[in-house]
Amino acid sequence: DTGVDHARSAIDLYERLGYQSESSAQAWMMAAVNALLVGDPHTALQDATHYRDARPGLGTGDELKALAYIALGDLDEARSATRAYGHAATSGRVVQQPTDALLLLAVLADAEGDSEIARDLVLNMGRCRSSELINYALHVADQFGVSMEYKASQSAIRSADIKPRAAQDHQTLKIEM
């Protein structure tokens, strides 16, 4: 729970100071992902809203909402948030955003009972754009029973140029959406 405590401490400090920045938004993202990792999707959903409000230019929080709704078992809301995030990601404006969207599609596919597609998406996606989602992807790979393969593929990506991999994820996302 130290990750949860760290994020909450940062958020408390930012709120006391009345400080809204990229750092405060990242603290909300960290809090949301950590809440998901410890099995508290209700808090993650609230944190996703705070993430969006802290710095609207950084994102909508749809990626966090989708993961929280999946954890809550509300697949209709999860599909809606995943679709919204995926459509934004297909614009190509943010280089690694399609990878994040593929992670959402993988988690959603698993929740819908299609574990083979879920594993395939995770094993063939690039690197997520934030450290929080990178950690969540590691958690997902472990849940899917493919953590060793996932770590090996991610290690290969780290040593290669990220842009070609991101372009490949962009094309995969367009097909999946």
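Residues numbered from 1 in each chain as written. Predicted model: local features only at pLDDT ≥ 70, side-chain atom pairs only at ≥ 80, totals over all residues. Heavy atoms only, no water.

## With respect to the overall build of the protein chain
To keep it simple, the criterion reads: By definition, any uninterrupted DSSP run of H or I lasting at least four residues is a helix, any uninterrupted run of E lasting at least two residues is a strand, and each is numbered from the N terminus. Exposure is judged per residue with a 1.4 Å probe applied to protein chains only, and the accessible area is read against the type maximum: over 50% gives exposed, under 20% gives buried, and values in between give partly exposed. Only heavy atoms enter the contact rule, under which two residues are in contact if any of them lie within 4.5 Å. The accessible surface values rely on the Shrake-Rupley method and a 1.4 Å probe; as for residues, cover is taken only from the protein chains in view.
Scanning the protein chain for helices and strands turns up 10 helices and zero strands. Secondary structure elements in the protein chain, listed N-terminal to C-terminal, are α-α-α-α-α-α-α-α-α-α. Here the protein chain, with 177 residues, has 45% of them falling under the buried criterion. Taking as baseline every contact in the protein chain between residues at least 6 positions apart, the subset at least 24 positions apart corresponds to 62%. Working note: accessible area of the protein chain is about 8,800 Å², and carbon and sulfur atoms make up 47% of it.

## Description of helix α4 (residues 62-72)
The buried fraction of α4 is high, at nine of 11 residues. Among the residues of α4, those classed as buried are Asp62, Glu63, Leu64, Lys65, Ala66, Leu67, Ala68, Tyr69 and Ile70. Within two residues after α4, glycine 73 carries a phi angle of roughly 85 degrees, on the positive side.

## A word on a negative patch on the surface
We apply this condition: Exposure above 30% relative accessible area and the absence of a salt bridge qualify a residue for a patch, where like charges join within 9 Å and nonpolar side chains (Val, Leu, Ile, Met, Phe, Trp, Tyr) within 5 Å. Salt bridges are defined as contacts in which a side-chain nitrogen from Lys or Arg sits within 4 Å of a carboxyl oxygen from Asp or Glu. Under the convention used here, Asp and Glu are negative, Lys and Arg are positive, and both His and the chain ends fall outside the count. A charge is said to be at NZ when it belongs to Lys, at CZ for Arg, at CG for Asp and at CD for Glu.
Together, Asp110, Asp114, Glu116, Asp120 and Glu176 give the surface a local cluster of negative charge. Relative to the helices and strands, aspartate 114 resides in the loop between α6 (97-111) and α7 (115-123).

## Regarding the side chain of lysine 65
You can see lysine 65 is positioned in helix α4. Despite being buried, lysine 65 has no salt bridge partner; aspartate 62 is the closest side chain of opposite charge, sitting 4.1 Å away. Excluding residues within four positions of it along the chain, lysine 65 makes contact with Leu45, Ala48, Thr49, Arg52, Thr60 and Ala81.

## Some words on the environment of leucine 121
Within the fold, leucine 121 resides in helix α7. Between the C-alpha atom of leucine 121 and that of valine 107, which follows or precedes it by 14 residues, the distance is 9.2 Å. The residues touching leucine 121, leaving out its near neighbours within four places in the chain, are Leu102, Leu105, Ala106 and Glu176.

## What about the packing of helix α3 (residues 41-54) against α4?
As a reminder, the rule being used: Working convention: axes come from line fits to C-alpha atoms, limited for helices to the stretch in contact. Angles between N-to-C directions cover 0 to 180 degrees. An angle below 35 degrees is read as roughly parallel, one above 145 as roughly antiparallel, one from 65 to 115 as roughly perpendicular, and any other as oblique. If you view the pair so one helix is near and one far, a crossing is left-handed when the near helix is turned anticlockwise from the far one by less than a right angle, and right-handed when it is turned clockwise. Following the grouping adopted for this structure description, the nonpolar residues are Ala, Val, Leu, Ile, Met, Phe, Trp, Tyr, Cys and Pro, the charged ones are Asp, Glu, Lys and Arg, and the polar ones are all others, Gly among them.
Across the interface, α3 lies against α4 with an axial gap of 9 Å and an inter-helix angle of 165 degrees. One element, α3, and the other, α4, form an angle in the roughly antiparallel class. Crossing hand, α3 versus α4: left-handed. Across the interface between the two elements, Pro41, His42, Ala44, Leu45, Ala48, Thr49, Tyr51 and Arg52 of α3 pack against Glu63, Leu64, Lys65, Ala68, Tyr69, Ala71 and Leu72 of α4. Among the residues forming the contact of α3 with α4, the class breakdown is 10 nonpolar, two polar and three charged.

## Some points on the nonpolar core
One broad rule of soluble globular proteins: the nonpolar side chains tend to lie buried together. Formally: Only buried Ala, Val, Leu, Ile, Met, Phe, Trp, Tyr and Cys residues count toward a nonpolar core, and they belong to the same one when joined by side-chain atoms within 4.5 Å.
Ranked by internal contacts, the top residues of the largest apolar core, which has 47 residues, are Leu103 and Tyr136. Breaking this core down by element, the ones donating at least two residues are α2 (22-37), α3, α4, α5 (75-89), α6, α7 and α8 (131-143). Among the elements that take part in this core, α6 stands out by supplying nine residues, more than any other. Among all residues touching tyrosine 136, those that are not within four sequence positions of it are Val33, Leu36, Leu37, Leu67, Leu103 and Val107.

## Some points on the packing of α4 against α5
Running from N to C, α4 and α5 point in directions that differ by 160 degrees, and their axes come no closer than 8 Å. For the element pair α4 / α5, the angle class is roughly antiparallel. Read as a crossing pair, α4 and α5 show a hand that is left-handed. Residues Asp62, Glu63, Lys65, Ala66, Tyr69 and Ile70 of α4 form the contact with α5, whose own contacting residues are Leu75, Glu77, Ala78, Ala81, Thr82, Ala84 and Tyr85. Across the contact of α4 with α5, the residue classes break down as eight nonpolar, one polar and four charged.

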